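Structural features, examined
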Amino acid sequence: MKALVVFYSKTGNTKEIAVNISEVLNCDIEEIFDAKPKGFFKSAFESLFKIMPKIKQTEINPKNYDMVIIGTPVWAGNMASPVRTYLFQNNEKINNAAFFCTMKGNDDKKVFLEMERVCESNPTACLSLTEQEIKQEKHIKKVKKFINKINKKS
Ligand SMILES: Cc1cc2nc3c(=O)[nH]c(=O)nc-3n(C[C@H](O)[C@H](O)[C@H](O)COP(=O)(O)O)c2cc1C
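Parameters and conventions
Residues numbered from 1 in each chain as written. Predicted model: local features only at pLDDT ≥ 70, side-chain atom pairs only at ≥ 80, totals over all residues. Heavy atoms only, no water. Patch = residues over 30% accessible without salt bridge, like charges linked within 9 Å, V, L, I, M, F, W, Y side chains within 5 Å. Areas by Shrake-Rupley, 256 points an atom, 1.4 Å probe, with all protein chains shown as cover. Salt bridge = Lys/Arg side-chain N within 4 Å of Asp/Glu carboxyl O. Helix = DSSP H or I, 4+ residues; strand = E, 2+ residues; numbered from the N terminus. Buried < 20%, exposed > 50% of the residue type's maximum accessible area, 1.4 Å probe, protein only. Arc of directions from axis to C-beta. Near = heavy atom within 4 Å. Polar contact = N/O pair within 3.5 Å; in protein donor to acceptor, adjacent residues only side chain to side chain. Phe/Tyr/Trp six-rings, centres within 6.5 Å; stacked < 30°, edge-to-face > 60°. Lys NZ or Arg CZ within 6 Å of the ring centre and 35° of its normal. Pairing = 2+ DSSP bridges.

The subject of this paragraph is a nonpolar patch on the surface. A surface patch of nonpolar side chains, amounting to about 380 Å² of accessible area, comprises Phe45, Leu48, Phe49 and Ile51. Mapped onto the elements, Phe49 comes out in the loop between α2 (40–48) and β3 (67–75).

Pasting the structure below:
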């Protein structure tokens, strides 16, 4: 199975998990960058009101992959706005998807629902991690389970 990890990360948590997943799967990885990085309130506003900011042109075509694993931080109970832009730009090129998010609390409910809706495909696996789990390294078991589900798809 040819997999691609795509993620956005502002403060490094989602990036840490994305890099970890791509290393275990030995697969390609692409980071999404906001064309104009914003502060906390503007970011939260964009996410809450489903605004799609401009992102830097991505380089990898997800169409060339069997599985696209998409990672986002939770912002205002939603996916981060640059990830929304990426999904709207690429939804037709995503064959199979898996989603993961990192967050402070437990606000992941709406995130995966919207990602699923935009991708128009049922995710093979979903993974939610809190900052605390990552800091205390309690996320490792959950990440393994997530990767196992993805591997089973192949
Ligand atoms: C603009 C903004 C809004 C956030 N909103 C939430 C939220 O609604 N719920 C939550 O649990 N965490 C929220 N957080 C915390 C992040 O989801 C959490 O720190 C995440 O791990 C950050 O990922 P990153 O380090 O990859 O950027 C928010 C953070 C930012 C910057």
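Next comes the rest of the account.
Restricting attention to buried positions, one finds in α2 the residues Ser43, Ala44, Glu46 and Ser47. One face of α2 carries all of its buried residues, which in axial projection span an arc of 160°. One or two steps after α2, the chain reaches Lys50, where phi turns positive at roughly 55°.

For the rest of this paragraph, the subject is unusual backbone geometry. Located in the positive-phi region is Glu120, a residue other than glycine, with phi close to 55°. Mapped onto the fold, Glu120 is located in the loop between α4 (109–119) and β6 (126–130). Look at Glu120 and you get exposed, because its relative accessible area is 69%. You will see that Glu137, though not glycine, has its phi angle at about 55°, which is positive. You can see Glu137 is positioned in the loop between α5 (131–135) and α6 (140–152).

Mapped onto the elements, Lys145 comes out in helix α6. For Lys145, a relative accessible area of 60% corresponds to the exposed category. The spatial distance from the C-alpha of Lys145 to the C-alpha of Asp28 is 20 Å, given a sequence separation of 117 residues.

In the neighbourhood of the ligand, 20 residues make up the surrounding shell, with Ser9, Thr11, Thr14, Val74 and Glu131 lying closest. Within the side chain of Thr11, one N or O atom sits 2.4 Å away from an oxygen atom of the ligand. At 2.6 Å, a backbone N or O of Gly105 approaches an oxygen atom of the ligand. Protein contact buries 88% of the 650 Å² of open area that the ligand shows by itself.

As a further point, take the packing of aromatic side chains. The tally for this structure, following the rule as stated, stands at five aromatic pairs. Arranged with centres 5.3 Å apart and planes meeting at 80°, the rings of Phe40 and Phe41 form a pair that is edge-to-face. Judged by relative accessible area, which is 70%, Phe41 ranks as exposed. Directly above the ring of Tyr65 sits Lys2, whose terminal nitrogen or CZ lies 4.6 Å from the centroid. The aromatic ring of Phe33 is capped on one face by Lys56, whose charged end is 5.6 Å from the ring centroid.

Here strand β5 (residues 97–103) lies mainly inside the structure; seven of its seven residues are buried. The alternating pattern of β5 places Ala97, Phe99, Cys101 and Met103 on one face and Ala98, Phe100 and Thr102 on the opposite face, and all of these are buried. Where β3 lies against β5, six bridges are found, and the strand directions are parallel. Residue pairing for β5: Gly71 is matched across the bridge by Phe100.

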